Amino acid sequence: PPAAAAAPPAAAGRSAWVDEGRQIEGRHVSGYSWVETEGEIEISCPLPAGGRAADVRCEMESRRLAARCGSAQTLFEGPLSGRIDVEGSGWSVEGGGGEAGEAPPMLLISLRKHAPGGRLWGYPL
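Procedures and definitions
Residues numbered from 1 in each chain as written. Predicted model: local features only at pLDDT ≥ 70, side-chain atom pairs only at ≥ 80, totals over all residues. Heavy atoms only, no water. Helix = DSSP H or I, 4+ residues; strand = E, 2+ residues; numbered from the N terminus. Buried < 20%, exposed > 50% of the residue type's maximum accessible area, 1.4 Å probe, protein only. Contact = heavy atoms within 4.5 Å. Areas by Shrake-Rupley, 256 points an atom, 1.4 Å probe, with all protein chains shown as cover. Phe/Tyr/Trp six-rings, centres within 6.5 Å; stacked < 30°, edge-to-face > 60°.

**Q** Residue-level account of the overall build of the chain, with values.
**A** Helix and strand counts for the chain come out as zero helices and nine strands. Secondary structure elements of the chain occur, N-terminal to C-terminal, as β-β-β-β-β-β-β-β-β. Relative to its full complement of 125 residues, the chain shows a buried share of 31%. Long-range pairs, those at least 24 residues apart, make up 50% of the contacts in the chain between residues at least 6 apart in sequence. Within the structure as shown, the chain displays about 7100 Å² of accessible surface, and the carbon and sulfur contribution to it stands at 51%.

See the structure below:
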């Protein structure tokens, strides 16, 4: 049988790295989580209390990602672990219609890798 992939070295704030064959799922201590395949990375991040879709700003560059909610709240920001196809990537906010007991709105980011079918990054940022 093929050898299992070794987990990437531990880095500050990163936890729960799980290799699912050619898929990796993980969670960062700041609250966002991700699912990675050979061709894309899907990032989910709950918005802070009171956060709305209209408050979200997401900046994507080929090697950098930043997400903010409001003028002062940075959700995450930094260099990506690989290169993305900016035109093939996007984001949306779902849920959180304000009903009592409803889950908070989630920022969903889909990053298409520049070279799909290549190596798994292990971590988006």
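**Q** So, the packing of aromatic side chains: which residues are in play, and what are the values?
**A** Counting across every chain of the model gives three aromatic pairs. Measuring from centroid to centroid gives 5.9 Å for Y32 and W34, while their planes differ by 40°, and the two rings are tilted. Residue class for Y32 comes out buried when judged on its relative accessible area of 4%. Aromatic side chains Y32 and F76 sit 4.9 Å apart centroid to centroid with 50° between the ring planes, which places their arrangement in the tilted category. With Y32 in the loop between β2 (24-28) and β3 (33-36) and F76 in strand β7 (residues 73-79), the pair connects residues that are 44 residues apart, well separated along the chain. A single burial state applies to Y32 and to F76, both of which are buried.

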